[in-house]
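Next come the chains, spelled out residue by residue.
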Amino acid sequence: IKLKSLVMKWLFSNLQDRRLIIASSIDMQYIDLYFKNKFPLFYSKIIFYKTRSFYSLNDEKNIVKTEKSDLPYSCFEYESNIMFTKILPGLNEKFDEVPFISLHDAIFIPERFKTMKKRIKTYIISMMNEIE
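Residues numbered from 1 in each chain as written. Predicted model: local features only at pLDDT ≥ 70, side-chain atom pairs only at ≥ 80, totals over all residues. Heavy atoms only, no water.

A. Focus on the environment of lysine 38. Among the secondary structure elements, lysine 38 is positioned in helix H3 (residues 26-38). In the structure, lysine 38 is positioned 92 residues away from glutamate 130 in sequence and 26 Å away in space, judged by C-alpha atoms. (Helix = DSSP H or I, 4+ residues; strand = E, 2+ residues; numbered from the N terminus.)

Here's what the structure looks like:
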């Protein structure tokens, strides 16, 4: 769990913040080197991913501009698009008797359909494998 949270912190940081966290943590240095050496194309895309500006009030009630990586928002949009244009329509077509409820990246079914759970999961995986 600690590793996942560190990787997520590295992944979703902007370039400036990432440099600070790498300089202050040996664990983050290892994560950075791992991606840099094992996945250089991915690394170069993530390191220079576009940013968004956010404005907030600091303790002195001054407006402060912060730059954050746009990657979490891009991932959320991509995930939502997959769920609402591919996965849920595919499930509704294949299992029209099952009412599906989606929340973020989870899909819920009523208890009375639990015997179909394995078939539904297998079908979801097959749809995910077809996504380009």
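Read on for the rest.
B. Summary view of helix H5 (residues 71-94). Along its 24 residues, H5 runs 33 Å from first to last C-alpha, staying within 8% of the 34 Å computed at 1.5 Å per residue. At methionine 83, H5 shows its strongest bend, of approximately 40°. Leu71, Ser74, Ile82, Met83, Ile87, Leu88, Gly90 and Leu91 are the residues of H5 that are buried. Among the structural elements, helix H1 (2-11), helix H4 (40-47), strand S2 (63-69), strand S3 (101-103), strand S4 (106-108) and helix H6 (117-130) are those in contact with the buried residues of H5. (Expected span 1.5 Å × (residues − 1). Bend = angle between axes of the 7 residues up to and from the residue. Buried < 20%, exposed > 50% of the residue type's maximum accessible area, 1.4 Å probe, protein only. Contact = heavy atoms within 4.5 Å.)

C. A look at the nonpolar core. Ile87, Leu91, Phe95, Phe100 and Ile120 are the most contacted members of the largest nonpolar core, which totals 13 residues. For this core, the secondary-structure elements that each account for two or more residues are H5 and H6. If we skip the residues at most four places from it in the chain, phenylalanine 100 touches Leu88, Leu91, Asn92, Phe95, Ile107, Phe108, Ile109 and Ile120. The next biggest cluster of nonpolar side chains, apart from the first, holds 12 residues, and it includes Trp10, Leu11, Ile31 and Tyr43. (Core = buried A, V, L, I, M, F, W, Y, C linked by side-chain atoms within 4.5 Å.)

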